[in-house]
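As a plain string of letters, each chain reads:
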Amino acid sequence: MTDHFAGAKTYPVPPTTEERTILGKRAVRLEDPPLVTGRGRYAGDINFPRQLHMRMVRSSLAHGVIKSIDVAEALKLPGVVAIWTNDDINELGPVDFRADRGAEILKPYRQPVLAKGRVRYVGDPIAAVFAEDPYVAEDAAELVEVEIDELPVVVDSWATPGEFEPGRSTEGALLKHSFGDIEAAFKKAHVIVELDLFTGRHSGVPMETRGALGYYDSAKDILELHGAAKVPHRNRETLVKMLGRAPKGLHVHESHVGGGFGIRGELYPEDVLVLVAAMRLGRPIKWIEDRREHLMCANQGREQRHKVRIAADKDGKLLGIDDEIFHDQGAYVRTHGANVANRTMCMMTGGYDIPAYRAVCHYRLTNKTPCATYRAPGRYESTFVRERLMDALADKMGIDRIELRRRNLIGKSQMPYLIEFEEQGVEELLYDSGDYELLLDKGLKAFRWDERKVEIAARRAKGEAVGLGIAIFVEESGRGPSDGAKMSVDATGDMELITGGASLGQGFETSMAQIAAEALGVDYQRITVVHGQTDRIAQGIGAHAARATVLTGGAVNETALKLRAKALEFGSELLQLPVGDLDIVNGVIVKKGAPAGGPSLSLADLAKKLTPGAKLLNGRDPHLAVEAWFNTDHTVFPYGIHFAQVRVDKQTGQTVCESFLIAYDIGRAVNPMLVEGQLVGGAVQGLGGALFEEFAYSETGEPLAVTMVDYLLPTLGEVPKIDVLITEDAPSPMNPLGIKGAGEGGINGVGGAIASAIDDAIGKPGAVVQLPVTPQRMKALLA
Amino acid sequence: MSDTVAITLNINGEDHRVSVEARRTLADTIREDCGKTGTHIGCEHGVCGSCTVIIDGEPMRSCLMFAVQADGRKIRTVEGLAKGDELHPLQRAFIDNHGLQCGFCTPGFLMLATAVLEKEPDIADGDLLDALSSNLCRCTGYQNIIKAVRQAAIEMRGPRK
Ligand code: FES
Ligand code: FES
């Protein structure tokens, strides 16, 4: 099967952590000192002289035609400078999305910067108030009178589609992913299981709400967006197009970011507004969202219904999965286009060898908050569906849950494993490496699955409802095509590493510094890592789809190696030793194996010598500085297994997660401490989505969770000890460091594993069809 | 604009004389008028605890108080934890144990834990966990926060006879 790699560049197995100096070690974070001392600088901490504060006037109805907007009273309030409605900015197009399959036909569904004639969800921005003081802006926003004629609402994506606008259906697209002969698969099936599954509406809910500052530097004619996150370079591209500015006249600056999880840092209407207003009003504009707005307006996700069936032969070998999906996109198509629906479909088969597959997805607009990616987009959903199917099938066939999975896992010898979809333009999946069964064995052992079964039996005998669950999944990260980095050493020996990556709290600076330090041979603590500044580097992929470590890490590695080569070239001339005899240790070029005190040259001293005009240069570029790129055509596929033990309180309907294990193969970890942090944090978010968190809506489209009292994040009290088993059995051959991403492996399988454990606990296989399993739903299941 | 009241906030031992509207929250005043932006606002609703500061020895949510209510009282914020370059044991423990990711919740947790451990150095583990569960963190899953606080608690208790 290795011909699947034909044409792709592959790399040999990288060294293990033991063979490394700093890469792969539990290094403390470079990010922490300012953050623990209150010196962080989040969007809300940034201020510009003479700034105005923006406050949005938002729709209180889910769907309607705007009859009138009266701003007269609000404008009278002292301190109010301007109030804008769509009429004031009607030359601006809607907020654009990034190119994606199926994108063209979705264009009419994009969100205008301010509502244009219609409102489509509670929270839809109708007007923007600009005032001297945020309290005054808020007072004024309340004085703006909006008259709306209500229209019928669509709340459920599976209900009959409505009218988005005259002549346009709320079914934005009908998407499809398939391979193999699905009809034949079901015809010859020995067993067929059908399920009707629902995943609830969740979101990242970072602790810091969104924020944006627009600043216009009229001397340089540069418009700056501060408080950006996640994908600064891409947002800049979109903004340049929307505002009709030359790229050199618009820059995006990331500051500290209080959590992202896929939803923060996408381009939102408010980001566009602060920029336009900064230019037009000639004053800096600051916008900080309040929590209520956040819960009504920031991207949400996950809400899908799956009418799905699975076919197997008499031995439990899978023959096919056939899925009809109703994807709730909310009121508008935002920056991801149809991405989440597509990711759901393409990752559905997961780690199993399945000959036939068909997914049809009704991508539908509803009168609820718009949706886009939330950590492990499409994967949390599809893993829940797939693993529910496996449990149900196991039950129906009387085969042990683990055994059924084992029989169907893609084998190590089948790697690299290719999944090609029939539909044109759908990217193939090429699983680069993996030994799924090995991870299953290791995970079962680490979780003490068999011992727990015995313990649980004893507790059940005493009347407790306790159960075990499992979910197996494949993740994806590091989609190409390329990323670059720049690195330089100054005359003191300090280094600057400039990347186009972004940091949302995941330890990006530390990881990148570790990769660079290992390649170059320096102390990682002396490297300053720059990210999220579009004026420092022309391109950048930001931080999404767990790309940062793989792709930017690859670029950083290339860059540091190039810098090393340059240092050694000059070092060789100055020390009069062949390059092959030299090494760089702790920032000093030394002779390999020579005792201390031998010939040496520090990088700081070398940097001092390489000034412009130096003789030594002999026609070569000055400075100890380089730039390099990493190119890849391929995604890498980490994989994992979640194990859960839950107890259900039959009286209250409460589900308590007693223990949880994440077994995850990361290829090679850059920093296991950070990987564990990502995995555990992700798992707790997943637990929220499985048991507590839900954006519910009334029949009229009114959001019922607009405070943190209604949208329940897990607290320390609900979280069990989460164990992590990181393995490095399948380094990726697609990058020189063998690394795969970790950002989403903690959350991916939680819904699936918890559902599986609950079924087991209450002794009703297939009982859980809907997430989250709130106490009310649990009581219904028990009734 | 509405009437303002002159008050004095003593933050980390330093007096700040400011004029505020009666409705201005303490959190906003600490951040905007006194420039101590280490105190964060995550919900303005008393739920998340990001805005926790210590007032006269008690951990308080500064988003739920008006600045005028803190007039003349002793307030401690995250900026006052370290002594010069020397980090507070809790700050060090958070770094050592990877007790923070984005760091937005961190000042709130640090101030909450400081107040709890100063008041009750020998607090039982269960009670400590109870106390900490009143603040929210969205990144870490809490595990490393607990580890960090436990480690610092031992250090803050000092050597036993
Ligand atoms: S901001 Fe005060 S509790 Fe959340
Ligand atoms: S570290 Fe991000 S919210 Fe706690």
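Residues numbered from 1 in each chain as written. Chains lettered and ligands numbered in written order. Predicted model: local features only at pLDDT ≥ 70, side-chain atom pairs only at ≥ 80, totals over all residues. Heavy atoms only, no water.

1. So, the overall build of chain B
A tally of helices and strands in chain B yields 5 helices and 5 strands. Since a compact globule built from 161 residues should have a radius of gyration of about 15 Å, the 16 Å found for chain B is in line with a globular shape. Out of the 161 residues belonging to chain B, those deemed buried represent 57%. Look at the contacts in chain B between residues 6 or more apart in sequence, and 57% of them connect residues 24 or more apart. Approximately 6,700 Å² of chain B is accessible, and the part contributed by carbon and sulfur atoms is 48%. (Helix = DSSP H or I, 4+ residues; strand = E, 2+ residues; numbered from the N terminus. Rg over C-alpha atoms; globule rule 2.2 N^0.38 Å. Buried < 20%, exposed > 50% of the residue type's maximum accessible area, 1.4 Å probe, protein only. Contact = heavy atoms within 4.5 Å. Areas by Shrake-Rupley, 256 points an atom, 1.4 Å probe, with all protein chains shown as cover.)

2. Looking at the packing of aromatic side chains
Residue and element names in this part refer to chain A. Taken as a whole and assessed by the stated rule, the structure comprises 17 aromatic pairs over all chains. The interplanar angle of 65 degrees and the centroid separation of 4.7 Å between the aromatic rings of Tyr 109 and Phe 164 together place this pair among those described as edge-to-face. Taken together, the positions of Tyr 109 in the loop between β3 (80–84) and β4 (118–119) and Phe 164 in strand β7 (residues 163–165) put the pair 55 residues apart, joining distant regions of the chain. Overall, Tyr 109 belongs to the buried group, its relative accessible area being 3%. Exposure remark for Phe 164: the relative accessible area of 4% places this residue in the buried category. Above the ring of Phe 164, the side-chain terminus of Arg 120 is found at 3.6 Å from the ring centroid. The positively charged end of Arg 210 is found above the aromatic ring belonging to Tyr 268, 4.1 Å away from the centroid. (Phe/Tyr/Trp six-rings, centres within 6.5 Å; stacked < 30°, edge-to-face > 60°. Lys NZ or Arg CZ within 6 Å of the ring centre and 35° of its normal.)

3. So, the domain arrangement of chain B
Residues and elements named next belong to chain B. When cut into domains, chain B gives domain 1 (4–80) and domain 2 (89–157). For domain 1 versus domain 2, the separation of C-alpha centres amounts to 21 Å. Of the residues lining the interface, 18 residues belong to domain 1; the matching set on domain 2 comes to 16 residues. Of the roughly 1,300 Å² buried where domain 1 meets domain 2, counting both sides, 58% is carbon and sulfur surface. If you sort the residues of domain 1 by the area they bury against domain 2, His 40, Thr 52 and Val 78 come out on top, with a joint share of 32%. Summed over the shared surface of domain 1 and domain 2, the number is 2 salt bridges. (Domains from an automatic or database assignment. Buried area = accessible area lost by both parts, 1.4 Å probe. Salt bridge = Lys/Arg side-chain N within 4 Å of Asp/Glu carboxyl O.)

4. A short note on the environment of Val 769 of chain A
All names here are of chain A. Position of Val 769 relative to the elements: it lies in the loop between α17 (750–762) and α18 (775–782). Val 769 sits 570 residues away from Thr 199 along the chain, and the two C-alpha atoms are 8.4 Å apart. Not counting residues within four places of it along the chain, the set of residues in contact with Val 769 comprises Asp 196, Leu 197, Phe 198 and Phe 384.

5. Description of the interface of chain B and chain A
Contact with chain B, which involves 46 residues of that partner, is made by 53 residues of chain A. Summing both partners gives a buried area of about 3,900 Å² for chain B against chain A, and 60% of it is carried by carbon and sulfur. Our count for the chain B to chain A interface comes out at 3 salt bridges. Where chain B meets chain A, there are 19 residue pairs in polar contact (both at pLDDT 80 or more). For the side of chain B that touches chain A, the element with the most residues is helix α2 (residues 89–96) of chain B, which contributes 4 residues. (Polar contact = N/O pair within 3.5 Å; in protein donor to acceptor, adjacent residues only side chain to side chain.)

6. Section: the sheet that holds strand β16 (residues 318–328) of chain A
Residues and elements named next belong to chain A. The strand order β9-β17-β16-β15-β10 describes an open sheet built from 5 strands, whose pairing is mixed. This sheet does not close on itself; its edge strands, each paired only once, are β9 (171–179) and β10 (191–199). Averaged over all neighbouring strand pairs, the angle between strand axes comes to 10 degrees, with direction disregarded. Two elements, strand β15 (residues 304–312) and β16, share 9 bridges in a ladder whose sense is antiparallel. Residue pairing across strands places Ala 311 opposite Gly 320, the latter belonging to β16. Seen against the sheet, helix α8 (residues 339–346) touches β9, β15, β16 and β17 (356–364) and runs at an angle of roughly 20 degrees to β9. Where helix α9 (residues 379–397) meets the sheet, it contacts β10, β15 and β16, and its direction lies at approximately 145 degrees from that of β10. (Pairing = 2+ DSSP bridges. Axes fitted to C-alpha atoms, helices over the stretch in contact; angles between N-to-C directions.)

7. Some words on the sheet that holds strand β5 (residues 74–76) of chain B
One key point about sheets: their strands pair by backbone hydrogen bonds, in either a parallel or an antiparallel sense. Residues and elements named next belong to chain B. Here 5 strands make up an open sheet; going across it, the order is β2-β1-β5-β3-β4 and the pairing mixed. The sheet is open, and its two borders are formed by β2 (14–21) and β4 (58–61), each paired with just one other strand. Each adjacent strand pair in this sheet contributes to an overall mean axis angle of 40 degrees, direction not counted. Its contacts with the sheet put helix α3 (residues 106–119) on β3 (52–55), β4 and β5, and the angle it makes with β3 is roughly 35 degrees.

8. Comments concerning the packing of α2 of chain B against α3 of chain B
Residues and elements named next belong to chain B. Across the interface, α2 lies against α3 with an axial gap of 10 Å and an inter-helix angle of 130 degrees. The pairing of α2 with α3 is recorded here as oblique in orientation. The hand of the α2/α3 crossing is right-handed. Residue-level contacts link Leu 90, Gln 91 and Phe 94 of α2 to Thr 106, Phe 109, Leu 110, Ala 113, Thr 114 and Leu 117 of α3. Looking at the contact of α2 with α3 residue by residue, the classes come out as 6 nonpolar, 3 polar and no charged. (Parallel < 35°, antiparallel > 145°, perpendicular 65-115°, else oblique. Left-handed = near helix turned anticlockwise from the far one by under 90°. Nonpolar A, V, L, I, M, F, W, Y, C, P; charged D, E, K, R; others polar.)

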